Amino acid sequence: MRIAARAIALASALFLAACAARTLPPPTAPPAPAPTPTPAPAPTPAPPVTFPNARAAGVALETPRTLGKDEAARALAAFRLSCPAVIKRQDTSLLASPESWTGVCNEAATLTPEYAPGFFYYRFDWARVADGKAFATGYYEPEIEGSRVPLPGYVPIYRLPPDLVRCTQPDGTTGRGRVDETGTCVPYYTRAQIEDGALAGKGLELAWAKDPVDLFFVEIQGSGRIRFPDGSIMRIGYAGQNGREYVAIGRLLRDRGILPPGGANMQSIKDWIRANPEQGRELMRENLSYIFFKELTGAGPLGALNVPVTPHGTVAADPNFVPLGAPVFLKMDRPEASGIWVAQDTGGAIKGPNRFDTFWGAGPEAVAIAGGMSSSGEALILLPKGALQNAPAQP
């Protein structure tokens, strides 16, 4: 034990001596790990720029375009129909005051069609709103089979319900809805609820449609004709909407890869719904919007100005960006849509500057053109000379 202890002591002494003979480097801390780079945050896409009206979007005057005699004469006839309304209507686009239309309307009343091209060239300022880039679709007056009495498999075409009112919901939202049994304003029934019988037995049936798919597309067009078994026809027009969101089912089919880009025209959508009846029914119900109708007994169909719309002469537009009744010049990548039109109608999907829906009338040709219309180009709004300078200022 002593020998072992002495050996350990000797070893320790030798070790200390060795340590004293040379200088040891000071202890160093282990290198700090390299900081993990923080990834740069993904850029937040800028929200789309929206404007309340045409004046806020920006307006610039352009050189007038030369028009053909036939298109100018057709536009002159449509413009005359609009004049009684346009000289009284308050313009939410802030492009022209009602009184600014009086002079051109008085002149149009007695003008012969041969002078129509010069009338639009010299009596109007041609204005570009925002960037002037336009997009146009088409609509028509469809004809469907129906009945004046309920028949098996037929679906009702409803009048405007009296309980569809404008009211304010508990969250402060004001719009179309109904007042329930507690006295509370609530959203109106959806398409699915109406189809499931929410309005049944209330005497609101205007007629019955043989095919619910055909009726769905009459709603999209906003007007149509019902042919009854005895050959008689009832013309129906837009009376109101349930206040629910409009959803374009063609876009849903494209987004889901069911129909290819550019392939979601009216006929292809109808074909898919009929080939897939259960899925098609659910697809149509994704469009919560529901249109109510009234019978039209005079000339028609009627547009938003309550005057008959003109085939290849009327466009639907957003009144916040185009004064209803104003002529509109389109130069599009579809030649059928190019030329002079008159803004006489509106539409649930027709929103924003330079968005238009061209009207093509009734019949197979109208169906073919309108059903496949999807056109881009440029738009100019025609305003009475000096109207823009004298229009109400942007608030």
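Computed from a predicted model, the values in this text were never measured in an experiment.

Cut-offs and rules
The written sequence of each chain sets the order in which its residues are numbered from 1. Reporting of local features is limited, given that this is a predicted model, to residues whose pLDDT is at least 70; pairs of side-chain atoms are given and counted only at 80 or more, and all residues count toward the totals for whole chains, interfaces and linings. As a rule here, side-chain values come from all non-hydrogen atoms in the structure, and water together with hydrogens is ignored. Only protein chains enter the area calculation, which uses a 1.4 Å probe; residues under 20% of their type maximum are buried, those over 50% are exposed, and those in between are partly exposed. Side-chain rings of Phe, Tyr and Trp (the six-membered ring for Trp) are treated as a pair once their centres are within 6.5 Å; stacked means planes under 30 degrees apart, edge-to-face means over 60, and tilted covers the remaining angles. Labels follow the DSSP assignment, with helices taken as runs of H or I lasting at least four residues and strands as runs of E lasting at least two, numbered in each case from the N terminus. Polar contact is defined as a pair of N or O atoms within 3.5 Å, subject to the rule that within protein one atom must be able to donate a hydrogen and the other to accept it, and that residues adjacent in sequence are counted only when both atoms are side-chain atoms. A pair of strands is considered paired only if DSSP assigns at least 2 bridges between the two. An axis is simply a line fitted to the C-alpha atoms; with a helix, the fit covers only the stretch in contact. Between two such axes, the angle follows the N-to-C directions and lies from 0 to 180 degrees. pLDDT expresses how confident the predictor is about each individual residue, on a scale running from 0 to 100. Working rule for contacts: check all heavy atoms of both residues, and any pair within 4.5 Å makes them a contact. Take the buried residues of types Ala, Val, Leu, Ile, Met, Phe, Trp, Tyr and Cys, join any two whose side-chain atoms come within 4.5 Å, and each joined set is a nonpolar core. Crossings are assigned a handedness: left-handed for a near helix turned anticlockwise from the far helix by less than a right angle, right-handed for a clockwise turn. Note that Gly is not counted as nonpolar here; it falls among the polar residues with everything else outside the nonpolar set of Ala, Val, Leu, Ile, Met, Phe, Trp, Tyr, Cys and Pro and the charged set of Asp, Glu, Lys and Arg.

(A) View of unusual backbone geometry. Although it is not a glycine, Asn306 adopts a positive phi angle of roughly 65°. The exposure class of Asn306 is exposed, given its relative accessible area of 53%.

(B) Structural context of the packing of aromatic side chains. Tallying each qualifying case throughout the model produces 14 aromatic pairs. Judged by centre distance (5.0 Å) and plane angle (45°), the ring pair of Tyr139 and Phe359 falls under tilted. Note that Tyr139 is positioned in strand 3 (residues 133-139) and Phe359 in strand 16 (residues 355-359), a separation of 220 residues in sequence. For Phe359, a relative accessible area of 1% corresponds to the buried category. Here the aromatic rings of Tyr188 and Phe292 are separated by 6.4 Å at their centres, their planes lie at 85°, and the arrangement is edge-to-face. Of this pair, Tyr188 sits in the loop between strand 8 (185-187) and helix 6 (191-195) while Phe292 sits in strand 12 (residues 291-296), placing them 104 residues apart in sequence. Each member of the pair, Tyr188 together with Phe292, is buried.

(C) Seen up close, helix 9 (residues 266-275). Where helix 9 is concerned, the buried positions are Met266, Ser268, Ile269, Lys270, Trp272 and Ile273. Between the side-chain oxygen at the start of helix 9 and the backbone nitrogen of Gln267 there is a gap of 3.2 Å, and the oxygen is on Asn265.

(D) Structural detail: the pairing of strand 14 (residues 327-332). Strand 14 sits mainly inside the fold: five of its six residues count as buried. Sheet topology note: the strand 14/strand 15 (residues 339-345) ladder contains four bridges and is antiparallel. Paired with Leu330 across the bridge in strand 15 is Gly339. The turn joining strand 14 and strand 15, which pair antiparallel and follow one another in sequence, is formed by six residues. Judged from the five bridges that link them, strand 14 and strand 17 (residues 374-384) form a sheet pairing that is antiparallel. Residue pairing in the sheet places Phe329 in a bridge with Leu380 of strand 17.

(E) Quick look at the sheet that holds strand 4 (residues 143-147). Here six strands make up an open sheet; going across it, the order is 5-9-4-10-11-12 and the pairing mixed. Either end of the sheet is taken by a strand with one partner, and the two such strands are strand 5 (155-158) and strand 12. Averaged over neighbouring strand pairs, the angle between their axes works out to 45° when direction is ignored. Where strand 4 lies against strand 10 (residues 223-227), three bridges are found, and the strand directions are parallel. Pairing of Glu143 across the sheet is with Arg225, part of strand 10.

(F) The sheet that holds strand 6 (residues 165-168), seen in detail. Taken together, the three strands give an open sheet; going across it, the order is 6-7-8, and neighbouring strands pair in antiparallel fashion. Strands with a single pairing partner mark the edges of an open sheet, and in this sheet they are strand 6 and strand 8. Geometrically, the sheet is characterised by an average inter-axis angle of 75° between neighbouring strands, direction not taken into account.

(G) Spatial organisation of the confidence of the model for the protein. Across the protein, the average pLDDT comes to 88, with 87% of residues at or above 70. Below a pLDDT of 50 lies the segment residues 1-30, which in the model reaches zero contacts outside its immediate sequence neighbourhood of four places, other chains included. The model gives residues 34-47 a pLDDT under 50, and that stretch makes zero contacts with residues more than four places away or in other chains.

(H) Quick look at the nonpolar core. Counting residues in each nonpolar core, the largest one holds 72 residues, and the members touching the most others are Phe79, Trp101, Phe119, Phe120, Phe124 and Phe356. Broken down by element, this core gets its largest block of residues, seven residues, from helix 3 (residues 69-86). Setting aside residues up to four positions removed in sequence, Phe120 forms contacts with Leu67, Ala72, Ala75, Leu76, Trp126, Pro327 and Leu382. Counting 13 residues, the second largest nonpolar core, distinct from the first, contains Ile157, Leu215, Met234 and Ile291.

(I) Highlighting the environment of Ser82. Of note, Ser82 is situated in helix 3. In this structure, the C-alpha to C-alpha distance between Ser82 and Pro308, residues 226 residues apart in sequence, is 9.2 Å.

(J) Geometry of the packing of helix 7 (residues 212-221) against helix 9. At a closest axis distance of 11 Å, the pairing of helix 7 and helix 9 adopts a crossing angle of 145°. Note that helix 7 runs across helix 9; the crossing there is right-handed. Residue-level contacts link Val213, Asp214 and Phe217 of helix 7 to Met266, Ile269, Lys270, Ile273 and Arg274 of helix 9. Of the residues belonging to the contact of helix 7 with helix 9, the class tally is five nonpolar, no polar and three charged.

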